[in-house]
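Per-entry structural report
In case you want the letters, here they are:
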Amino acid sequence: MKLSIRKCVSLTLLLSLLTSAAWAQKTVTGMVTDGDNFPLTGVNVLVVGSSTGTVTGLDGDYSLTVPEGSVLRFSYIGFTAQEVPVEGQTVIDVTLGADANVIDEVVVVGYGSQRREAVTGAVSSIDAEEVSALTVSNLGEAIQGRLAGVQVVSGGSPGAPPIIQVRGIGSISFGSGPLYVVDGVPGAGGLNQFDSRDIASINVLKDASATAVYGSRASNGVIIIETKKGANAQGLRMSLESTVGIQTQPRRYDLLNSEQYIQYAETFLGGSLPRDLDQPVYEGADQTFRETETDWQDAIFQDGLITQNSLHITGGGERSSFFSSFGYLKQEGIVKGSPYERFNFRINSEHSISEDGRFKFGQTLLLVNDERGIQPELGGRQLFLQAIQSLPYQPIYNPNNLGGFSGAASGLDIADPGNPVLAVNLLDNRDRVFKMLGTAYLTYEILDGLEAQAFIGGNYQNFRNYNHVPAYESTSPNPNNTVSESRNTTFSPLYRGLLNYDRLFGDHSINAVLVGEIQNSYYTPLALTVTQPNPVLDVLEGGADLRVLPGALAPNETTLRSFVTRVTYGYQGKYYATFSFRRDGSSIFAPGFQTENFPAGALGWNISEESFMEDTPFSLLKARVSYGRTGSIGLGPYAFQDPINGTVGPVFGGGNQPTISYINTLANPELRWELTDMLNIGLDMGFFNNRLNFSMEYYDRQVDNLILQIALPPSAGVATTSQNIGALQNNGFEFQGQYFGNPSGDFQWNVSANISTNANEVLSLANPDDIIEGNNDIEFTGSFNSTVTRVGDPVYSFFGFETDGIFQTDAEVQEAAFQNDLTAPGDIRFVDQNGDGEITAADRVIIGKYLPDFTYGFNFNGTYSNFDFNVFFQGSQGNDVYNGVGSLLSQTQRLFNVGTDILDAWTPQNTSTNVPRIARDDPNNNRRVSDRFVEDGSYLRMKALTVGYTLPLSEGGALSNLRLYLTGQNLVTLTGYSGLDPEIGGALSETGFDNGDYPNARSFIFGAQIGF
């Protein structure tokens, strides 16, 4: 395998350097405008009979090297396509009339591009205008709700990565996120490090026919991100876009005020608090505890500034073009202590080395530096949880304490919540990332339609986490000034040789790609912590007790070697067949198990091109079917080797503690890829010359060879091992439609919508009766796991007890199934599912699922005169949310502040309620995982509302364009969920579990676009 790939790469690189007889080539430039002479950005310019093409730049300009005798096709959604013969011309300016012809788009697919009509797989696309419609810190939010089959759950916190899933869950043990390919470099995420205004297009490959060319990393879909390129414009062109706005979070939890809390505490304790509430809040204060009313939620929430600024410069000569951008984004966040700031610079260019345009050099370069504030924790609790549990009679500040903040005293208050305002002011925890992503390539057209390319890329990232915890006095005094830093560097070089053949022979067309590729990854970590004797120093230098954190000196490296081929054959523009094959070899697996093959095939039939369709209402009718295999690695480096753990052993005199190393997990050297086989059936339809177009897909995605942990008997001497032993299934439908109304009138508008369904089911585990439980946080779940994965149910379903009201009398307690010796009237009655007369863990059932029945989006665009208007809705239906915060606000195990519902708690005098009794230590464990905390998480959100105005400008002035606009983001959310936000992210086993997640912000933004 290694030898064959080396030969392939060497041959391809050699071909790229060969010379050939000169073939007549020329570079054609020009500008594309609409009927009002406004430049059109993103127009597809294609050489008819090939897949060679480009798109127009920001000012409608383009540059394309074409053979003599070529015909150029100009197409753009909403406008009539035009075909123009070159006939010796070097400048071709085109004016497109209003219409709607969507089948002529150039679609970026793996290792190349195709005309939309030739695409046989499931590919969804959005353009630059849609991507940049919102002011957001990551691209995930920009595409949310816009693509069928792509579910995005926003992270909420500024700079936090979203959860993106393409066609459901693809793994139980590992992540299910897609592969990101940026400017040809696989694995180039994360999405918060790319400026949305630099993006030319985003194409999502969803079925195995489209994704199989990425093989072992494509099981969960592929998102291809192409950044903007320059054009051979006449002179230098510059544009500036700047936005500034405010983000808010208007919702709050209803918590007890001071008077209510004191009453609740006395009921909880059965007497008065030990603290004298009529004493000053601190020595020298003129306010008592009883007179204090602190709103801890308002103390940590804020109206945060958000601003995004982008400067674009494009230009070039007859043989060169470039695109350059400078970007700055700052987001303060709606919770104090969570800012995000990013600086980015990009330059992309392409140059014709030879006069005939056959030999080209191109490059892309991105430099990013960003910093993200991490919400600090106190006592192991998240900041927001500290805020809702803090005591309303406690002040925020105490100038007599070291650090200047107050804190509860467990002996006097019988509670120990941390001071969240102390956390955001004194604790400093932030991530800093410097990223450099670059590519360089040489292409040579050996013969008409045959092109060789040598491509290199590099993805370098330097990560640094800085965590400073100074000495302070508060609830839990911290006498030490500690500084910790975790650093790592990742470098992933990519080497690729590619041959592309694209020709039209009469009624026959062939597009073929041959690729040899090697991608390495090198990871080097370092993590240190010190205690600073000097209380004012916040650096590692000069610190005492220097320690290296566990795992901080464990570098690793991996290699992935690949061979790829794909052939698409077309006949008469009606019938298409695509076959692809990829073979991957990965160093992550043990020798002998390092390679896997990933084949795929697809058929397409443009039925509307048949003669019998001439008198039908269809302007487009195309059927597609595909089937193929992809994979997912999941495992980290060296997983096939037995891991060695170290621990401190017994003391043999003195203070020396020898380290004992041991093996607790048995490695499996025969582990293989998790594999996905997918069937896809698609239908594309167009009416009224494609002013109305509609696509639907059905998919059946079978995931096999799942890697699961298997428990071993005690005689094995180790606890677990891993095996390829599980399987699951996802299937569903996707619908996407678009309509262009009144294309030739003064008022022009279009509307688009999409809806996606997904049904997930676990097909097999190690044994039919096995279950995998997860997400046990005692504060929320009462010592029970909240999720379960088992055969026949969706992955990580909510798992708990079914409730049957509240016990009203001792007789009801005695007659019911036994819960425990302390169960009493006012406690929750749990259902005895197995009828054994006792409530145990065996009585737990599926009580909900976080996976939605369907997700959807709706978008409307309109223009009238110089005004433009856009409204965008996005939603989710049929998903449940486990309200962990609601559980926390109703718990009576320990004394903290709780929700106002507790005022309606059961008493012998108040029996018509669903709130259980107030009982210290919660003897019946009423807070255990149960259906009383599962809520419908469905929602409909107005994601964006924009009104803009383009100022009329005189010709010949310094400005070519000036548009002003107002945007509201997340303005309205319709939901029945009682928490702050129904959109709940987190790790796979925690998705849909609300444990105080950062809520999405409501934004009000003013922006300006200026062209020079």
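Keep in mind the model is a prediction, meaning the values are calculated, not measured.

Conventions and cut-offs
Residues numbered from 1 in each chain as written. Predicted model: local features only at pLDDT ≥ 70, side-chain atom pairs only at ≥ 80, totals over all residues. Heavy atoms only, no water. Helix = DSSP H or I, 4+ residues; strand = E, 2+ residues; numbered from the N terminus. Rg over C-alpha atoms; globule rule 2.2 N^0.38 Å. Buried < 20%, exposed > 50% of the residue type's maximum accessible area, 1.4 Å probe, protein only. Contact = heavy atoms within 4.5 Å. Areas by Shrake-Rupley, 256 points an atom, 1.4 Å probe, with all protein chains shown as cover. Lys, Arg positive; Asp, Glu negative; His and termini not counted. Charge placed at Lys NZ, Arg CZ, Asp CG, Glu CD. UniProt positions renumbered as here; feature names shortened; annotations may be inferred. Domains from an automatic or database assignment. Core = buried A, V, L, I, M, F, W, Y, C linked by side-chain atoms within 4.5 Å. pLDDT = per-residue confidence, 0-100. Pairing = 2+ DSSP bridges. Phe/Tyr/Trp six-rings, centres within 6.5 Å; stacked < 30°, edge-to-face > 60°. Axes fitted to C-alpha atoms, helices over the stretch in contact; angles between N-to-C directions. Salt bridge = Lys/Arg side-chain N within 4 Å of Asp/Glu carboxyl O. Polar contact = N/O pair within 3.5 Å; in protein donor to acceptor, adjacent residues only side chain to side chain. Patch = residues over 30% accessible without salt bridge, like charges linked within 9 Å, V, L, I, M, F, W, Y side chains within 5 Å.

Let's shift gears to the overall build of the chain. Within the chain one finds 12 helices and 52 strands. Since a compact globule built from 1012 residues should have a radius of gyration of about 31 Å, the 31 Å found for the chain is in line with a globular shape. C-alpha extents for the chain along the principal axes are approximately 95 × 70 × 65 Å. Across the 1012 residues in the chain, those meeting the buried criterion constitute 54%. By sequence separation, contacts in the chain at least 24 residues apart represent 69% of the contacts at least 6 residues apart. Working note: accessible area of the chain is about 40,800 Å², and carbon and sulfur atoms make up 54% of it. Treating the 61 positive side-chain charges of the chain as one cloud and the 109 negative ones as another, the clouds have centres 7 Å apart.

Even without being glycine, Ile414 reaches a positive phi, approximately 55°. With respect to the helices and strands, Ile414 occurs in the loop between helix H8 (410-413) and helix H9 (420-426). A positive phi is found at Asn689, a non-glycine position, where the angle reads about 55°. With respect to the helices and strands, Asn689 occurs in the loop between strand S34 (674-687) and strand S35 (692-711). Look at Asn689 and you get partly exposed, because its relative accessible area is 40%.

Per the UniProt record, the feature "domain: TonB-dependent receptor plug" (unreviewed entry) sits at residues 117-222. Note that residues 117-222 is 12% helix and 25% strand, and that its end C-alpha atoms are spaced 20 Å apart.

According to the domain assignment, the chain consists of domain 1 (23-95) and domain 2 (106-227). Put simply, the middle of domain 1 and the middle of domain 2, counted by C-alpha atoms, are 27 Å apart.

Counting residues in each nonpolar core, the largest one holds 57 residues, and the members touching the most others are Ile172, Tyr253, Ile388 and Tyr882. Of all the elements in the fold, those that place two or more residues in this core are helix H6 (296-300), helix H7 (383-389), H9, S35, strand S43 (828-830) and helix H12 (884-888). Ile388 has contacts with Tyr253, Leu255, Gln297, Val885, Leu888, Leu889 and Asn897, leaving out every residue within four places of it along the chain. Core analysis: the second largest hydrophobic core is formed by 31 residues, Ile164, Ile199, Val368 and Phe872 among them.

What follows deals with the confidence of the model for the chain. When pLDDT is averaged across the chain, the result is 87; 93% of the residues are at 70 or more. When mean pLDDT is compared element by element in the chain, S43 scores highest at 97, while helix H1 (residues 2-17) scores lowest at 40. Note that pLDDT drops below 50 for residues 1-24; the model gives that stretch 43 contacts with residues more than four away or on any other chain.

Both faces of the sheet carry side chains from a regular strand, because those side chains alternate between them. As defined by bridge partners, strand S29 (residues 595-606) adjoins strand S30 (residues 618-632) across 7 bridges and the pair is classed as antiparallel. Across the sheet, residue Asn606 finds its bridge partner in S30, namely Lys622. The pairing of S30 with S34 spans 14 bridges and is classified as antiparallel. Counted as the bridge partner of Val625 is Ile681 from S34.

Here we come to the packing of aromatic side chains. Given two aromatic rings, their pairing is described by the distance between the two centres and the angle made by the two planes. With the rule as written, the count across this model stands at 33 aromatic pairs. Ring plane angle 90° and centroid distance 6.2 Å describe the contact between Phe598 and Trp673, whose orientation is recorded as edge-to-face. With Phe598 in strand S29 and Trp673 in the loop between strand S33 (665-666) and S34, this residue pair connects regions lying 75 residues apart in the sequence. We classify Phe598 as buried; its relative accessible area is 0%.

Turning next to the sheet that holds strand S39 (residues 771-774). Spatial ordering of the open sheet is given by S39-S40-S41-S44, a layout of 4 strands whose pairing is antiparallel. Strands with a single pairing partner mark the edges of an open sheet, and in this sheet they are S39 and strand S44 (845-848). On average, each strand axis in the sheet is tilted by 50° relative to the strand beside it, whichever way the strands run. Examined bridge by bridge, strand S40 (residues 787-790) and strand S41 (residues 797-800) share 2 bridges and lie antiparallel to one another. Along S41, the bridge assignment pairs Val788 with Ser797.

The next point concerns the pattern of salt bridges. Under the defined criterion, the tally for this structure stands at 39 salt bridges. Linking Arg917 and Asp827 is a salt bridge whose minimum nitrogen-to-oxygen distance equals 2.9 Å. Here the residue Arg917 occupies a position in the loop between H12 and strand S48 (934-936), and Asp827 occupies one in the loop between helix H11 (810-815) and S43, the gap between them amounting to 90 residues. Across the salt bridge formed by Arg927 and Asp922, the nearest N and O atoms sit 3.2 Å from each other. Relative accessible area serves as the criterion here: at 6%, Arg927 is assigned to the buried category.

Read from one edge of the open sheet, 3 strands run S48-S47-S51, paired in mixed fashion. One side of each edge strand has no neighbouring strand; the edge strands of this open sheet are S48 and strand S51 (993-994). Bridge analysis of strand S47 (residues 880-883) against S48 gives 3 bridges, and the strand direction is antiparallel. Its bridge partner lying in S48, Tyr882 is registered against Val934.

With that settled, consider the environment of Val185. Within the secondary structure, Val185 is located in strand S14 (residues 185-186). We classify Val185 as buried; its relative accessible area is 1%. Note: C-alpha distance between Val185 and Arg547 (362 residues apart in sequence) is 37 Å. Ignoring sequence-local partners within four residues, the contact set of Val185 consists of Tyr180, Leu437, Thr439, Phe455, Leu494 and Gln519.

To continue, consider the environment of Ala471. Topologically, Ala471 is positioned in the loop between strand S23 (450-469) and strand S24 (481-505). Discounting residues that sit within four places of it in the chain, Ala471 has contacts with Leu402, Asn478, Pro479, Asn480 and Asn481.

Bringing the side chain of Thr120 into the picture now. In this fold, Thr120 is placed in the loop between strand S9 (112-115) and strand S10 (123-127). Residue class for Thr120 comes out buried when judged on its relative accessible area of 4%. Within the structure, Thr120 has its side chain in polar contact with the side chain of Thr578 (distance 3.0 Å). Setting aside residues no more than four positions away along its own chain, Thr120 makes contact with Ser209, Tyr576, Thr578, Ala602, Leu603, Gly604 and Arg624.

Okay, the environment of Pro399 next. Its location among the elements puts Pro399 in the loop between H7 and H8. Judged by its relative accessible area of 57%, Pro399 falls in the exposed class. A sequence separation of 115 residues divides Pro399 from Gly284, and the C-alpha atoms of the two residues are 9.6 Å apart. Those residues in contact with Pro399 that sit more than four places away from it in its chain are Tyr282 and Gly404.

Bringing a nonpolar patch on the surface into the picture now. Together, Val244, Leu964, Leu966 and Phe1006 make up an exposed nonpolar region whose accessible area comes to about 340 Å². Mapping Leu966 onto the fold places it in strand S50 (residues 961-975).

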